[in-house]
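Below are the chains, spelled out letter by letter.
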Amino acid sequence: MNLKQELINFGCGAEFIDIALEYAADYNPENDLEHFIEYVEMEYAKIEEAEAIKERDNEIVDASGLFEEFEDDKNL
């Protein structure tokens, strides 16, 4: 039985199966399938965390020039 079918039989959803298949090279059929699922969840969580940090960093506003603009407006 192939990995995809094992994941389906285990009850994994389609989205998780797609993600898990990206890690198929790391799957060892001699190990428990649950261990592989936990591994995929942990590895994918690292990716999601890195993406969230990157997104958060992109949202940070550079406020260094705001005070200067305020001072300029004050002088008008």
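Look a little higher up for the structure.
Attention here is on the structure that accompanies the text. (Residues numbered from 1 in each chain as written. Predicted model: local features only at pLDDT ≥ 70, side-chain atom pairs only at ≥ 80, totals over all residues. Heavy atoms only, no water.)

**Describing the overall build of the protein**
Within the protein, the regular secondary structure consists of four helices and zero strands. What you see in the protein, going N to C, is helices and strands ordered as α-α-α-α. The buried share among the 76 residues of the protein stands at 17%. Across the protein, contacts joining residues at least 24 apart in sequence account for 34% of those joining residues at least 6 apart. (Helix = DSSP H or I, 4+ residues; strand = E, 2+ residues; numbered from the N terminus. Buried < 20%, exposed > 50% of the residue type's maximum accessible area, 1.4 Å probe, protein only. Contact = heavy atoms within 4.5 Å.)

**A word on the packing of helix α1 (residues 3-10) against helix α3 (residues 33-59)**
Orientation of α1 relative to α3, taken along the N-to-C sense of each, is 95°, at an axis distance of 11 Å. In terms of orientation, α1 and α3 fall into the roughly perpendicular class. Taken together, the residues of α3 that come into contact with α1 (itself represented by Leu3, Glu6, Leu7 and Phe10) are Leu33, Glu34, Phe36 and Ile37. (Axes fitted to C-alpha atoms, helices over the stretch in contact; angles between N-to-C directions. Parallel < 35°, antiparallel > 145°, perpendicular 65-115°, else oblique.)

**A word on the pattern of salt bridges**
Per the counting criterion, the structure on display carries two salt bridges. Glu43 is the salt-bridge partner of Lys46, the closest N and O atoms lying 3.1 Å from each other. Here Lys46 and its partner Glu43 are both found in helix α3, three residues apart, which amounts to about one turn of the helix. A relative accessible area of 49% means that Lys46 is categorised as partly exposed. Residue class for Glu43 comes out partly exposed when judged on its relative accessible area of 21%. (Salt bridge = Lys/Arg side-chain N within 4 Å of Asp/Glu carboxyl O.)

**Quick look at the packing of α1 against helix α2 (residues 14-21)**
It is at 10 Å that the axes of α1 and α2 come closest, and there the two elements cross at 145°. The two elements α1 and α2 cross, and the hand of that crossing is right-handed. Contacts from Leu3, Lys4, Leu7 and Ile8 in α1 reach Phe16, Ile17, Ala20 and Leu21 in α2. Of the residues assigned to the contact of α1 with α2, the class counts are seven nonpolar, no polar and one charged. (Left-handed = near helix turned anticlockwise from the far one by under 90°. Nonpolar A, V, L, I, M, F, W, Y, C, P; charged D, E, K, R; others polar.)

**Side note on the nonpolar core**
Counting residues in hydrophobic clusters, the biggest one holds 13 residues, and the most contacted among them are Leu7, Phe16, Leu33, Phe36 and Val40. Counting residues per element, the ones that place at least two in this core are α1, α2 and α3. (Core = buried A, V, L, I, M, F, W, Y, C linked by side-chain atoms within 4.5 Å.)

None of the figures reported here should be taken as evidence of function without further support.
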